[in-house]
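Coordinates in review
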Amino acid sequence: MELHANSRQKITKKRKIKIFYGTQTGNAKMLADNLYREATERGHEAEVIDLKTYDPEDNLVTEGENGVWIVLFVSTYTDGTPPEGSEWFCKWLEESSTDFRIPKALLKDLHYAVFGLGNSLYTENYNAVGKKVDRFLKELSAKPILPVGLGDENVAESLKGGMEKDFTAWKKEFWKKSKKVKDDDTAVKDTCGTGKKTCDGKCKCKEDGGKCSSEEEEEEGEDLYETTTEEEDNAEELLNEDRDGSSLQTTNGVVDLEDLGKVMQTMKKAKVRRKKEESAQSTGEPREMVTPMLKKALEKQGYRLIGSHSGVKLCRWTKSMLRGRGGCYKHAFYGIESHRCMETTPSLACANKCVFCWRHHTNPVGTEWRWKMDDPNTVFQGALDNHVGLIKQFKGVPGVKAERFAEGLEPQHCALSLVGEPIMYPEINRFIELLHGKGISSFLVTNAQFPDAISNLVPVTQLYVSIDASTKESLKKIDRPLFKDFWERFIDSLKALSAKRQRTVYRLTLVKAWNTDELDNYADLVSLGKPDFIEIKGVTYCGESKASSLTMQNVPWHEEVVHFVKQLTDRLDGYEIASEHEHSNCILIANTKFKVDGEWWTWIDYPKFHQLVKDFNQSQKTFSAEDYMAKTPSWAVFGAKEQGFDPVETRFFRKKQKDIGGC
Ligand SMILES: Cc1cc2nc3c(=O)[nH]c(=O)nc-3n(C[C@H](O)[C@H](O)[C@H](O)COP(=O)(O)O)c2cc1C
Ligand code: SF4
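Residues numbered from 1 in each chain as written. Chains lettered and ligands numbered in written order. Predicted model: local features only at pLDDT ≥ 70, side-chain atom pairs only at ≥ 80, totals over all residues. Heavy atoms only, no water.

**Some remarks on the overall build of the chain**
Quick reminder of the rule: Secondary structure elements are taken from DSSP: a helix is a run of H or I of four residues or more, a strand is a run of E of two residues or more, and numbering for both begins at the N terminus. Per-residue accessibility, obtained with a 1.4 Å probe over protein chains only, is compared with the maximum for each type, and a residue is labelled buried under 20%, exposed over 50%, and partly exposed between these values. Residues are treated as being in contact if the distance between any of their heavy atoms lies within 4.5 Å. Surface accessibility follows the Shrake-Rupley procedure with a 1.4 Å probe radius. Residue values consider only the protein chains on display as shielding.
Helices and strands together make up the secondary structure of the chain, namely 20 helices and 25 strands. For the chain, buried positions account for 55% of its 663 residues. Residue pairs in contact within the chain that sit at least 24 positions apart in sequence constitute 75% of those at least 6 positions apart. Carbon and sulfur atoms provide 49% of the accessible area of the chain, an area that totals close to 29,500 Å².

If you want it as structure tokens, here you go:
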């Protein structure tokens, strides 16, 4: 049985559609491109335009007069501001809508649609720009094709389950509503199957006893575009492709019903799955943290994802030490073996949008755990399996040392500092116990936004707090925190740290001209949290990023870091410079309790630590940082000629200084 291909064509009017985007990190452009693809597939005349390049003053009124529809994708940034380059468009709209000299009917001929991109965790500024643009357009009498769409990156709160799903639902509504807009004068009418403007009744469509495609305009009919899931989209894509005859088997413009049946079946299955998902949501089941779009972005950056909220990645120093080319600064400062180090996180989400973290601006954010949770055994085993899998890829790679490779298959250290906020994971304590149970040490880094979680944390080998700035103002600028009471949380976190008995560390990342001249404030913070160690590192610059204004000018030279450290140490009682890792532009200040008879003991006796943890688990016998310290080798002590480079390793100079970072 055959069905005439033309009878499925739902395109009723060809429109001129200009799709604008205003973006900082590319999401709005991605959605604009997606709509553009669909618009052209549906036969519309579409164009994608960056708001940066568009002057509304010269063009917007005439768009309406020429029957052009406009669709705007625009994101919201810090304190509710528009993304870079879109300011003028937004300002012009605002001024025009409030200027009494400009007629209120200025844009009366313009049909428009707005989709805002934002995150509801920024409560009062949520999608502020999208909402404002919609309001100003309305005030100037432009006609909304449908209500403003609000895309919410906050998966837990978003209406449909995240940005992509919000967009898909809005898009579906957009196409549906667009069929109903009555402006025949502005739309280009579709032709009938014969190619003529008006049907003469002899076209193929009529042979099937149906209506001609040129007569279908106002018909609601079966909604081929009622799709929201990926599978449904794929099925729809097949149908869309079919419109130009490129996908389904067609003979002389006819389609096998068998092919169409397959497509319909896929759509049906996907719809059943969607219904199930929706019903799970209506019963209050939490959503997954990582959306398919995020997953794709993270995997592209080299992350291996575990379950729905955890990840591992092979650190560059792990690879370096497998080859005998030197370990990271934690090797010099604390004796970790970088080739046996697993860099992981059980929570890819965190409560900040730090400028240093520009590589990961795709990360989910949240102020509390509102997502589906994987159990700690799954996360632990998944991390281990994936890490070992990544190490195995180095088998036989030229330069990799056989004994290091064998050791690498049995990780001894876990750096919980990959990306995100590990302490947000509600089962973090159990996860740490699993690590220790396998003889793996724990180096956990937190962003100092969850003081209670710090207090409730079981003993870890070394607990870090990131001190990205020393004043409320600079912390806001650098960490771009989600919490309104971020400063109070920060201070309380430092107080919670001071109550810990095991090793504690402040980690300072110096960004020249941003946080390097607040020495007295840093000294105050040290007296508050009383850390055992202070690691000071120059920021790493890995290239230009749209999400951060960091430039090469912000990267301090090693001498500048040394100078800062000396000045800071002068302000601190009971601290001295202990070690250095020039290779990664990092210096260690230590409390002098780790200096025994004039010699530094900043390294860790790992077997002793594991024994102490065992005793603690059995009898709650507490222990302190001094109980598991080990002597620092001479090459790692500050002032040594090796500058923290282990002499058994061979230094390798990269041609291009790409990423000297690490965790
Ligand atoms: C530093 C920063 C500040 C943000 N501030 C807001 C905000 O105030 N309101 C909001 O709704 N979303 C805010 N967001 C979320 C963005 O709008 C969201 O990530 C969006 O997807 C970005 O889209 P784009 O890539 O097109 O710029 C912020 C994001 C970042 C990184
Ligand atoms: S930089 Fe971090 S992840 Fe890499 S080897 Fe060192 S401790 Fe491990």
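Following the structure, the description resumes.
**Section: helix H5 (residues 163-178)**
For clarity, the threshold we go by: Working rule for helices: expected span equals 1.5 Å times residues minus one.
Its 16 residues place the ends of H5 22 Å apart at the C-alpha level, agreeing with the 22 Å of an ideal helix rising 1.5 Å per residue. Summarising burial for H5: 12 of the 16 residues are buried, a large majority. Within the sequence span of H5, burial applies to Met163, Glu164, Asp166, Phe167, Thr168, Ala169, Trp170, Lys171, Lys172, Phe174, Trp175 and Ser178.

**Section: the pattern of salt bridges**
Going by this rule: Each salt bridge in this description consists of a side-chain nitrogen of Lys or Arg and a carboxyl oxygen of Asp or Glu lying within 4 Å of one another.
Taken as a whole and assessed by the stated rule, the structure comprises 27 salt bridges. Its salt-bridge partner being Glu95, residue Lys91 comes within 3.1 Å of it at the nearest N-O pair. One end of the pair, Lys91, and the other, Glu95, are both in helix H3 (residues 87-98), four residues apart, so they sit about a helical turn from each other. When salt bridges that share partners are traced, they join Glu38, Arg42 and Lys171 into one network.

**Observations concerning the site of ligand 1**
Note the cut-off: Distances are taken per atom, and a residue is near a molecule or strand as soon as one of its heavy atoms is within 4 Å of it. Pairs of N or O atoms are called polar contacts if they sit within 3.5 Å, as long as, within protein, a hydrogen donor faces a hydrogen acceptor (for residues adjacent in sequence, only side-chain-to-side-chain pairs). Charged residues are taken to be Asp, Glu, Lys and Arg, nonpolar residues to be Ala, Val, Leu, Ile, Met, Phe, Trp, Tyr, Cys and Pro, and polar residues to be all remaining types, Gly included.
In the vicinity of ligand 1 lie 22 residues, with Thr23, Gln24, Thr25, Thr76 and Glu153 positioned nearest. Contact distances for ligand 1 include 3.1 Å between an oxygen atom and a backbone N or O atom of Gly26. Take Asn119: an N or O atom from its main chain is 3.0 Å from an oxygen atom of ligand 1. Taken by itself ligand 1 offers 640 Å² of open surface, and the protein chains cover 98% of this. A class-by-class count of the residues in the shell around ligand 1 yields six nonpolar, 13 polar and three charged.

**Here's the deal with the pairing of strand S18 (residues 503-510)**
Convention followed: Strand pairing follows a simple DSSP-based rule, namely that at least 2 bridges must link the two strands.
For S18, the buried fraction is high: eight of the eight residues fall into the buried class. Here S18 shows a buried face lined by Arg503, Val505, Arg507 and Thr509 and a second buried face lined by Thr504, Tyr506, Leu508 and Leu510. One ladder, built from six bridges, connects strand S17 (residues 462-467) with S18; its direction is parallel. Bridging across to S18, Ile467 finds its partner in Leu508. Pairing analysis gives six bridges linking S18 to strand S19 (residues 533-538), with the strands arranged parallel.

**As for the environment of Pro647**
Among the structural elements, Pro647 can be located in the segment after strand S25 (629-630). In sequence terms Pro647 and Ala636 are 11 residues apart; their C-alpha atoms lie 9.8 Å from each other.

**Details of the side chain of Thr291**
Looking at where Thr291 falls in the secondary structure, it is placed in the loop between helix H8 (257-282) and helix H9 (292-300). Residue classification places Thr291 among the buried residues on the basis of a relative accessible area of 9%. In this structure, Thr291 is in contact with Val155, Gly161 and Glu164, ignoring residues within four places of it in sequence.

**Observations regarding the sheet that holds strand S21 (residues 586-591)**
The cut-off we apply is this: Axis geometry follows a simple rule: fit a line to the C-alpha atoms, using only the stretch in contact for helices, then measure angles between N-to-C directions, giving values from 0 to 180 degrees.
With respect to topology, 10 strands assemble into an open sheet ordered S12-S13-S14-S15-S16-S17-S18-S19-S21-S20, the strand pairing being mixed. Edge positions in the open sheet fall to strand S12 (304-306) and strand S20 (575-581), since each of these has one partner strand only. Shown here is a sheet whose adjacent strand axes are inclined to one another by a mean of 25°, direction ignored.

**A look at the packing of aromatic side chains**
Threshold: Geometry of aromatic contacts follows a simple scheme: Phe, Tyr and Trp rings, the Trp one being its six-membered ring, pair when their centres are within 6.5 Å, and the pair is stacked under 30 degrees between planes, edge-to-face over 60, tilted otherwise. Cation placement over rings: the criterion is NZ of Lys or CZ of Arg within 6 Å of the ring centroid and within 35° of the ring normal.
Per the counting criterion, the structure on display carries 26 aromatic pairs. With a centroid separation of 6.4 Å and an interplanar angle of 80°, the aromatic rings of Trp69 and Phe174 are classed as edge-to-face. Of this pair, Trp69 sits in strand S5 (residues 68-75) while Phe174 sits in helix H5, placing them 105 residues apart in sequence. Like Trp69, the residue Phe174 is buried in the burial classification. Ring pairs connect the aromatic residues Trp69, Phe73, Phe115, Phe167, Trp170, Phe174 and Trp175, which therefore count as one cluster. Over the ring of Phe483 we find Arg489; its NZ or CZ atom is 3.6 Å from the centre of that ring. Here Arg651 stacks its cationic end above the ring of Phe645, 5.7 Å away from the centre of that ring.

**Digging into the packing of H3 against helix H4 (residues 128-139)**
We apply this condition: Angles are sorted into four bins: roughly parallel if under 35 degrees, roughly antiparallel if over 145, roughly perpendicular if 65 to 115, and oblique for all others. Handedness of a crossing follows from how the near helix is turned relative to the far one, being left-handed for an anticlockwise turn of less than a right angle and right-handed for a clockwise one.
Between H3 and H4, the shortest axis-to-axis distance is 9 Å and the interhelical angle comes to 40°. Relative to H4, the element H3 lies oblique. Crossing geometry of H3 relative to H4 is assigned as left-handed. Where H3 abuts H4, its residues Phe89, Cys90, Leu93, Glu94 and Ser97 lie against Val129, Val133, Phe136, Leu137 and Glu139. Taken together, the residues that form the contact of H3 with H4 break down as seven nonpolar, one polar and two charged.

**Notes on unusual backbone geometry**
Positioned with a positive phi, Asn127 is a non-glycine residue whose angle comes to about 50°. Since its relative accessible area comes to 1%, Asn127 is described here as buried.

**A short note on the nonpolar core**
Selection rule: Side-chain atoms within 4.5 Å link the members of a nonpolar core, which is a set of buried Ala, Val, Leu, Ile, Met, Phe, Trp, Tyr and Cys residues.
In this structure, Ile467, Phe490, Tyr506, Leu508, Ile534, Ile536 and Leu568 are the most contacted members of the largest nonpolar core, which totals 81 residues. No other element matches helix H17 (residues 486-498), which puts seven residues into this core. Phe490 has contacts with Ala448, Gln449, Ser466, Ile467, Ala469, Leu475 and Leu525, leaving out every residue within four places of it along the chain. In this structure, Cys315, Trp317, Ala332 and Leu588 belong to the second largest nonpolar core, which totals 35 residues.

**A short note on the packing of helix H16 (residues 472-479) against H17**
It is at 10 Å that the axes of H16 and H17 come closest, and there the two elements cross at 100°. Accordingly, the angle class assigned to the pair H16 and H17 is roughly perpendicular. Of H17, the residues touching H16 (which contributes Lys472, Leu475 and Lys476) are Phe486, Trp487 and Phe490. When its residues are assigned to classes, the contact of H16 with H17 shows four nonpolar, no polar and two charged.

**A word on the environment of Lys165**
Its location among the elements puts Lys165 in helix H5. Taking the relative accessible area as the measure of exposure, Lys165 reaches 33% and is therefore partly exposed. Taking the C-alpha atoms as reference, Lys165 lies 9.9 Å from Glu153; in sequence the two are 12 residues apart.

**Comments concerning helix H18 (residues 519-529)**
Using the following cut-off: The arc under discussion is defined with respect to the helix axis, by the directions toward the C-beta atoms.
Every buried residue of H18 is listed here: Leu519, Tyr522, Ala523, Leu525, Val526 and Gly529. The buried residues of H18 occupy an angular sector of 160° when the element is viewed end-on, so they sit on one face. On the buried face of H18, the contacting elements are S17, H17, S18, S19, helix H19 (558-570) and S20. Within two residues after H18, Lys530 carries a phi angle of roughly 40°, on the positive side.

**Things to note about the pairing of S19**
By the criterion of burial, S19 is predominantly enclosed, with six of the six residues buried. Going residue by residue along S19, you find Phe533, Glu535 and Lys537 tucked away on one face and Ile534, Ile536 and Gly538 tucked away on the opposite face as well. As paired strands, S19 and S21 are joined by five bridges and run antiparallel to one another. Bridge assignment links Phe533 to a residue of S21, and that residue is Ala590.

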